[in-house]
Structure formats: structure tokens, C-alpha cells
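Analysis of the macromolecular model
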Amino acid sequence: MKRFYSLLILLFGVLCTLMAHDVVVNGIYYNLDNTNKTAKVTYKGISGSSEKEYSGSVIIPSSITYNSEIYSVTSIGADAFYECSNLQNLTIADSITSIGEDAFYNCDSLCNVIIPDTITSIGDCAFWNCESLQNFKISNNVDYIGRSAFASCNNLKTITIGNNVEHIDEGAFSDSTSLHSITIGKNVGYIYDYAFYECYSLSDVYYKGTKAQWNEIYIGDYGNYSLQDATIHYNSHNLVRVSYTKATLAKNGVVVSKCTDCDYKKTTVIYYPKTFSFSPAACTYNGKVQTPAVIIKDANGKTISGNTFAVVSYDENGETYECAIKPQRASDKAILNMLIKALNA
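From a predicted model like this one, the values you see are computed outputs, not experimental measurements. (Residues numbered from 1 in each chain as written. Predicted model: local features only at pLDDT ≥ 70, side-chain atom pairs only at ≥ 80, totals over all residues. Heavy atoms only, no water.)

Here's the deal with the packing of aromatic side chains
Aromatic rings considered in pairs are described by the distance between their centres and by the relative angle of their planes. This model, assessed by the stated rule, comprises 17 aromatic pairs. Ring geometry for F173 and F196: centres 5.2 Å apart, planes at 15°, overall stacked. Separated by 23 residues along the polypeptide, F173 in the loop between β14 (167–168) and β15 (181–184) and F196 in the loop between β16 (190–191) and β17 (204–207) bring together distant segments of the chain. Residue classification places F173 among the buried positions, given a relative accessible area of 0%. Residue F196 is classed as buried on the basis of its relative accessible area, which comes to 0%. Consider the rings of Y190 and Y192, whose centres lie 5.9 Å apart with planes at 5°: the pair is stacked. Assessed through its relative accessible area of 24%, Y192 is described here as partly exposed. In textbook terms, an aromatic cluster arises when at least three aromatic residues are bridged by ring pairs, as seen for Y29, Y54, F81, F104, F127, F136, F150, F173 and F196. Its guanidinium or amino end placed over the ring of Y244, R241 lies 4.7 Å from that ring's centre, counting from NZ or CZ. (Phe/Tyr/Trp six-rings, centres within 6.5 Å; stacked < 30°, edge-to-face > 60°. Helix = DSSP H or I, 4+ residues; strand = E, 2+ residues; numbered from the N terminus. Buried < 20%, exposed > 50% of the residue type's maximum accessible area, 1.4 Å probe, protein only. Lys NZ or Arg CZ within 6 Å of the ring centre and 35° of its normal.)

Regarding the nonpolar core
Of all hydrophobic cores here, the largest spans 67 residues; its most connected members are F81, F104, F127 and F173. Counting residues per element, this core draws most heavily on strand β2 (residues 28–33), which supplies 4 residues. Not counting residues within four places of it along the chain, the set of residues in contact with F127 comprises I99, F104, L110, V113, I122, L133, F136, A149, F150, A151 and C153. (Core = buried A, V, L, I, M, F, W, Y, C linked by side-chain atoms within 4.5 Å. Contact = heavy atoms within 4.5 Å.)

Focus on the environment of F173
Sequence-wise, F173 and I145 are 28 residues apart; in three dimensions their C-alpha atoms are separated by 9.8 Å. Ignoring anything within four residues of it in the chain, the contact list for F173 reads I138, I145, F150, A151, I159, I161, I168, L179, A195, F196 and C199.

Let's talk about the pairing of strand β5 (residues 63–66)
Both β5 and strand β6 (residues 69–76) contribute to a ladder of 4 bridges, which runs antiparallel. Bridge pairing in β6 places T65 opposite I70. Hairpin connection, β5 to β6: the antiparallel pair is bridged by 2 residues, and N67 has positive phi, about 55°. (Pairing = 2+ DSSP bridges.)

Quick word on the sheet that holds β17
The 5 strands lie next to each other as β11-β13-β15-β17-β19, forming an open sheet whose pairing is parallel. Every other strand in the sheet has two partners, leaving β11 (135–138) and β19 (231–234) as the edge strands with one partner each. Averaged over all pairs of adjacent strands, the angle between their axes in this sheet comes to 10°, without regard to strand direction. Where strand β13 (residues 158–161) meets β15, 4 bridges bridge the pair, whose relative direction is parallel. Among the inter-strand pairings, I161 is bridged to a residue of β15, identified as I184. (Axes fitted to C-alpha atoms, helices over the stretch in contact; angles between N-to-C directions.)

Digging into the pairing of strand β21 (residues 253–259)
Within β21, 5 of the 7 residues are buried, leaving the element largely enclosed by the surrounding structure. Of the pairings in the sheet, the one linking strand β20 (residues 239–245) to β21 comprises 6 bridges and is antiparallel in character. Along β21, the bridge assignment pairs Y244 with V255. Relative to strand β22 (residues 265–270), β21 is paired through 6 bridges, and the arrangement is antiparallel. Along β22, the bridge assignment pairs K258 with K265.

A closer look at unusual backbone geometry
In this model, D102 sits at a positive phi of 60°, which is unusual for a non-glycine residue. For D102, the position within the fold is in the loop between β8 (98–99) and β9 (112–114). One non-glycine residue, D175, lies in positive phi territory at about 65°. Residue placement: D175 occurs in the loop between β14 and β15. Looking at D175, the relative accessible area reads 25%, which means it is partly exposed.

As C-alpha cells, this is what we get:
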């Protein structure tokens, strides 16, 4: 009998070790840190049943209450949603700072993830084979993207990598065959081997720094040909003017500039002066000379600043006895005629 009880206690201990969680609150499993009063999202943990533990839409709260104690939810642990094939939507509270390795491994129905700016790290294989994901934004506070974090996300089309990311690890986006556009923050210093392996559709990289900064990035020699063959669009360009058409009194002008580092072109329209008005309110009487306001607006409705064309003097009775028109350019006869007309009105 004593031996039977010993075996029963041993069996109970083994079962307890198989339980990955400490508590379950509103259908979500947690490990608790009683010292710091924090909670980590985990899985139930009985004989590999985790693929059935979460489904549909899950909202991870910023805190939970257990035994009258409040715990701040600060992380999503390793394997927390491992192979939860029916999980579709996930909202993560802004108290969470890290996503563990394999956290959403093979969640192939997961199509919508809302992650907060508080996340600082995304672990290895965190979103491996989440093939329903189409777009993903990595916040500015993330400084590390783990190995194969988004590998085999076959429907992922665009991804934005925040400004604080410094390392993109091996295979981070490998085999994401639909990925065609990525935005990379200017603080990335290392892109390791196979980070963009077999990303056949990748055509455009929008880099938030200059060409000189891009050239300083370490890019692994192996498996990154998709990245190296893509068109790099730099946030800062060294522009030189390649053509210039002057604006006239009836037609807009155009300036075309081109970046010396890439194919970026910028076209700037110089709008022609379209409307003219004269404001005598700026003048002072009693013989004091004052420059009246001449308001000129271009064809886009924008006021052209810095236009001083006339000087007017008045006698003590307010009568005009002298008028000197000073056009900015001698050729602007139309403006001159307009001002004369306004003064004589």
C-alpha cells in the first residue's frame, strides 16, 4: 500500500511537470511571477495538445487578476500558440514587450495580428508558416528579429521594419514567396545569410536612410540575392537638376531633378502668377511714404511672397501726388499694368 501511494505521488508530480501553465484566466493560460507580479502567456501543456488550445479571435489583456492579486501581462512565451491552426485574429496589449520563439509556429489561419509599439524582440520562428498573414508592421521599438521569424509566410506581401531594428537574423523572411515590398529602418546594421532566401517576388526595398548608409550594412553573402536584386529606394536623395522650364505669366514652369545614387526623380511645378490684388490699407497718410501691399497668387492659389512693386506718397489731405511703380522684373509689363490700374481705380 505504501508503495502504491508513492507511485501515485510520483505520477501526480509527473502530471504537474507536463502542465506548462500556472493559471487559466478567461481561456488564456499563464505562468506567474509572484515576486514581480507579472504573467507570461503560455499553453496548457498536456501531451502536445497545444494546437487545439486557442482558436478564433484572442485578445491578450494588459493585466489579469488571480487570488485577488493583479499581475501585469508582459510577454508571450515560447510555443504559446504553437500550431493553433484555427487561430485567426490576435490583439496584443501594450504591456507586452517580447514574443518568444515558436510562439505562433504554424498558425496557418492567423491573418490579423495587432501588436503594440512596446514589443522589443521577436523570437526565432515566432511566426513560421503563418501563411495567411499578408501584411505586418514591426514597431520602432523592436531591436531584434529572430532566426526564421517570418519564414514560409507564403502570402506575406509587405512588411515594415521599424527604425530601432539592428539585426535581421538568418532566414528571417526566407521562403516568403509573395513578399514584394519591404520598408527597412535606417538603424539596421546586419542582415544575415538567407534572411530573404527565395523571396522571388521581392522587387522594392524602401530604406529610410541614404545610399551611403545602406552601403555600410553587412548583408550576408548567401541566400540574399532577392534582396540584392531589388530596387532600393532611399529616403534621402542627392538631387541634381536635369531640366528646367521657366514659368511665364500664362504657363506653369517645371523643374525635374534626378538622384545621383538611384533612379529616383522629382518633378516640381512652378505655378505662374494668376491673380493680382492691391491693398492700399498698408499706406500711411499725412505725407508719409509707405509701400502698399501687392498680393499675387499663383495658379495653385498660393500667395507669392516678397512682391514689392510700388511706392506711394500722400499729401496731408490724403490725396495722391506721387506714384512710383517698381516692377521686380522689367519684362513684367502685365504686372505693371495691373498695378497702375489698381492705383488709378
